[in-house]
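# Coordinate inspection notes
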Amino acid sequence: MIKTVQTTPYSDQKMGTGGLRKKTKVMMQPNYFENFIQSIFNTIGNLQGKVFVVGGDGRYYNDKAIQQFIKMAAANGVSKLIIGQNGFLSTPASSNVLLKNKTDGGFVFSASHNPGGINGDFGIKYANETGGQIPTSISDKIYENSKHITEYKIFESPDIDLSKIGSSKLGDMQIEIVDPVSDYVEMMQQIFDFESLKQLFKKGFKMKFDAFNAVTGPYAIRIFEEILGAEKGSVINSNPLPDFGGKHPDPNMTYATELLAIMNADDAPDFGAANDGDGDRNMILGKKFFVSPSDSLAILTDYYNIIPAYKNGIYGVAKSCPTSTAVSRVAKAHNLGYYEVPTGWKYFVNLMDSKRITLCGEESFGTGSSHIREKDGIWAVLFWLSIIAKTGMSVEQITRDHWKKYGRSYYLRFDFEGLETTVADKLMADLEAKLPSLAGEKFAGYEVESAHPFIYNDPVDGSSTKNGLIVNFKGGSRIVYRLSGTGSSGATLRVYLENYQTQKLDENPRQMLDEILQAAMEIAEITKRTGKKEADIVT
Ligand code: G16
């Protein structure tokens, strides 16, 4: 039976860079989740004939959220849901199922790299028929609808059993439970040369993959251990848990401590990698060696023609504005189309759909290609393994070779967390106002060449987006300032620093960026305005 529930709106259901992301307890407030889902359904309109993909990264509240979603979809007239078994689907796997079945959209319940559990975060990622997350024009409409919602519809029924693969019905709605891993594996086999990767492991190649007790464990076990023959135990923290076993599933130098300890030991394996909670981010490590995500994008692009799926040519490449300029030099060398977009994977989607780009990536540990419309952690790992298999070089050799060829962009991101929103907003507004006056000024010995907001005019839909403030220095160094769009409370100021060098290739990144950091602190008056003398997190 369909029930109509009266509700009152919440005022804070505005999506950020990666969907709606909130503290789990906020999401668990009465009708909070339901209001938001109904607001999406109301924005879409007529749901007759519509098919959606549903899954999540297994974090706390996923089970309850999925059941509510299924019942609401049935009550709102959705024709069919394709659901990952036990409610699991990584974000890239969801995008694949969505595109493969030509569905109308997909929902992934995940707060991505944010911690899980009742005291952690919960999130909703909503993709439309493109396979990528919706553009701002649609999320703005959903937000408007959420502010005026008065009721939602839900089907009254016992919970649906998600443990068995197969088809069933709830009211008139069809439910198909699918293996979350098999389609994804098939897609990876079509992109990469699995035989050469098997040979690599046969020769004794050793890797460690940290799945942070989140969604990628089953994917990684199937691909790396069962199919490619990596030794048992190559995948660590492989069992998805509601609180990720207390781990913060953010693959970076701050949170991947267990993997870093393994890779920094004298008996380290040849290769290390980690993915985030929902499997779209990746970190790449060699023995005692870290590859910055910006360099990783540049290196993958440089080697595109060794991968079967790309060997006949690629359209072009794109990066987000704060990502280092490393990939721009590779694009130039290979004569590829090159684009810079605002932070947020959704901005790559139009470029992929219009065949302007094939590869893209971001400093925030995301890399991917047009095989789907989300970034893809395991894809990036398979790409790196393919380069190693083809060249016979180590991760470190591949990266150093790249620097020799193209120069090195020393790059780090400094995050100032837990700021009051009003303080952070004012800092950015005041900084933007003074940008025009900075040209010619010197800070910590660096002379400003130009300073301006980053404005992106989408070549496909004509929309214009302003995100981030750029200060360029003479000699090729730069600062980008931006506020995070993925936090669940307060504000985080991100300061991205880059120092490009063609001769000095073996220096310490922190030292190479020290003066620019001083300049960045001074220009934005960070200490005076926030009270912080240094960043909370450096990645
Ligand atoms: C999301 C987007 C990414 C983006 C990131 C930025 O990542 O999908 O494209 O780079 O947010 O985060 P912030 O705004 O905090 O800098 P994810 O992995 O959280 O979905």
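Here we summarise the structure given alongside this text. Counting restarts for each chain, with residues numbered from 1 along the sequence as it is written. Local features in this predicted model are restricted to residues of pLDDT 70 or higher, and side-chain atom pairs are both shown and tallied only at a pLDDT of 80 or more, whereas totals for entire chains, interfaces and linings draw on every residue. With hydrogens and water stripped out, all remaining heavy atoms of the structure feed into the side-chain values.

### As for the overall build of the protein chain
Across its full length, the protein chain carries 18 helices and 25 strands. Radius of gyration means the value over C-alpha atoms here, while the globule rule gives 2.2 Å times the residue count to the 0.38 power. The C-alpha radius of gyration of the protein chain comes to 23 Å, within 12% of the 24 Å expected for a compact globule of 539 residues. The burial tally for the protein chain puts 58% of its 539 residues in the buried class. Should any heavy atoms of two residues lie within 4.5 Å, those residues are counted as being in contact. Summarising the internal contacts of the protein chain: among those between residues at least 6 apart in sequence, 72% fall at separations of at least 24. In the structure as shown, the protein chain presents an accessible area of about 20,500 Å², 47% of it carried by carbon and sulfur atoms. Each charge sign in the protein chain was given a centre, from 59 positive and 63 negative side chains, and these centres are 2 Å apart. The helix count covers DSSP runs of H or I at least four residues long, the strand count covers runs of E at least two residues long, and both are numbered beginning at the N terminus. Whether a residue is buried, partly exposed or exposed follows from its accessible area with a 1.4 Å probe, protein chains only, as a fraction of its type maximum: under 20%, in between, or over 50%, in that order. For the accessible areas, the method is Shrake-Rupley and the probe is 1.4 Å, while residue cover comes only from the protein chains on display. Under the counting rule used here, the positive set is Lys and Arg, the negative set is Asp and Glu, and His together with the chain ends is not counted. In plain terms, the charge of a residue is placed at NZ if it is Lys, CZ if Arg, CG if Asp and CD if Glu.

### Looking at the pattern of salt bridges
A side-chain nitrogen of Lys or Arg and a carboxyl oxygen of Asp or Glu constitute a salt bridge if their distance falls within 4 Å. Counting across every chain of the model gives 37 salt bridges. D278 is the salt-bridge partner of K125, the closest N and O atoms lying 2.6 Å from each other. In this pair, K125 sits in strand β6 (residues 121-128) while D278 sits in the loop between β12 (271-275) and β13 (282-286), placing the two residues 153 residues apart along the sequence. Classification of D278 by relative accessible area gives buried; the value is 0%. Across the salt bridge formed by D250 and R281, the nearest N and O atoms sit 3.9 Å from each other. Taken together, the residues D250 in the loop between β11 (235-236) and α9 (257-264) and R281 in the loop between β12 and β13 connect sequence positions 31 residues apart. By relative accessible area, which is 8% here, D250 ends up buried. Through salt bridges with shared partners, one network takes in K426, D430, K434, E525, K528 and R529.

### A word on the nonpolar core
Of all hydrophobic cores here, the largest spans 69 residues; its most connected members are F224, F271 and W379. Sequence-distant contacts of F271, that is, excluding residues within four places in its chain, are made with F205, K206, M207, K208, M263, I284, L285, V381, W384, L385, I388 and V395. Only buried residues count toward a nonpolar core, which is a set of Ala, Val, Leu, Ile, Met, Phe, Trp, Tyr and Cys residues joined through side-chain atoms within 4.5 Å. I83, F109, Y126 and I134 belong to the second-largest nonpolar core, a separate cluster that totals 42 residues.

### Points about the site of the ligand
The rule for a residue being near a molecule or strand is that one of its heavy atoms must lie within 4 Å of it. Looking at the ligand, there are 19 residues lining it, with E362, S484, G485, T486 and R494 nearest. Between the ligand and K125, the relevant distance is 2.8 Å, taken from an oxygen atom to a side-chain nitrogen or oxygen of the residue. In the analysis that follows, any N or O atom pair within 3.5 Å is treated as a polar contact, provided that within protein one partner can donate a hydrogen and the other can accept it, and provided that, for residues neighboring in sequence, both atoms belong to side chains. R482 is positioned such that a nitrogen or oxygen atom in its side chain is 2.7 Å from an oxygen atom of the ligand. Contact with the protein chains removes 100% of the 460 Å² of surface that the ligand exposes when unbound. Think of it as three bins: nonpolar holds Ala, Val, Leu, Ile, Met, Phe, Trp, Tyr, Cys and Pro, charged holds Asp, Glu, Lys and Arg, and polar takes everything else, Gly as well. Here the shell around the ligand is composed, by residue class, of 1 nonpolar, 9 polar and 9 charged.

### Quick look at the environment of A331
Along the chain, A331 falls in helix α11 (residues 326-333). Relative accessible area serves as the criterion here: at 1%, A331 is assigned to the buried category. As for A331 and I149, which are separated by 182 residues in sequence, their C-alpha atoms are 47 Å apart. Residues within four places of A331 in sequence aside, it is in contact with V317, L336 and Y338.

### Some remarks on the packing of helix α13 (residues 377-391) against helix α14 (residues 395-406)
Only the stretch in contact is used when a helix axis is fitted, and all axes are lines through C-alpha atoms; the angle between N-to-C directions ranges over 0 to 180 degrees. Two numbers describe how α13 lies on α14: the axes approach to 10 Å, and their chain directions differ by 90°. The orientation of α13 relative to α14 falls into the category roughly perpendicular. The residues of α14 that touch α13, namely those facing W384, I387, I388 and T391, are V395, I398 and T399. Geometric relationships in this document are graded by angle, where less than 35 degrees denotes roughly parallel, more than 145 denotes roughly antiparallel, 65 to 115 denotes roughly perpendicular, and other angles denote oblique.

### Some details on the pairing of strand β19 (residues 408-419)
Counting buried residues along β19, 10 of its 12 residues qualify, which places the element largely inside the surrounding structure. Where β19 and strand β24 (residues 491-501) come together, 10 bridges link them in antiparallel fashion. In the sheet register, Y410 faces β24, and the bridge partner there is N499. Criterion used throughout: strands pair if DSSP finds at least two bridges between them.

### Brief notes about the side chain of D458
Note on placement: D458 falls in the loop between β21 (446-457) and β22 (464-473). Here D458 is buried and forms no salt bridge, its nearest opposite-charge partner R356 lying at an N-O distance of 6.8 Å. A polar contact of 2.7 Å, which involves the side chain of D458, links it to the backbone nitrogen of V460.

### Some points on the sheet that holds strand β15 (residues 316-320)
Strand order in this open sheet of 4 strands is β16-β15-β17-β18, and the pairing throughout is mixed. The open sheet has two edge strands, β16 (337-341) and β18 (366-369), and neither has a second partner. Looking at each pair of strands side by side, their axes are set apart by 15° on average, direction ignored.

### Let's talk about the sheet that holds strand β25 (residues 537-538)
Strand order in the open sheet formed by 7 strands is β20-β21-β22-β23-β24-β19-β25, and the pairing between neighbours is antiparallel. The sheet is open, and its two edges are formed by β20 (442-443) and β25, each paired on a single side.

### Side note on unusual backbone geometry
Here the phi dihedral of N213 falls at roughly 55°; this positive angle occurs in a residue that is not glycine. Here N213 is to be found in the loop between β10 (207-210) and α8 (216-227).

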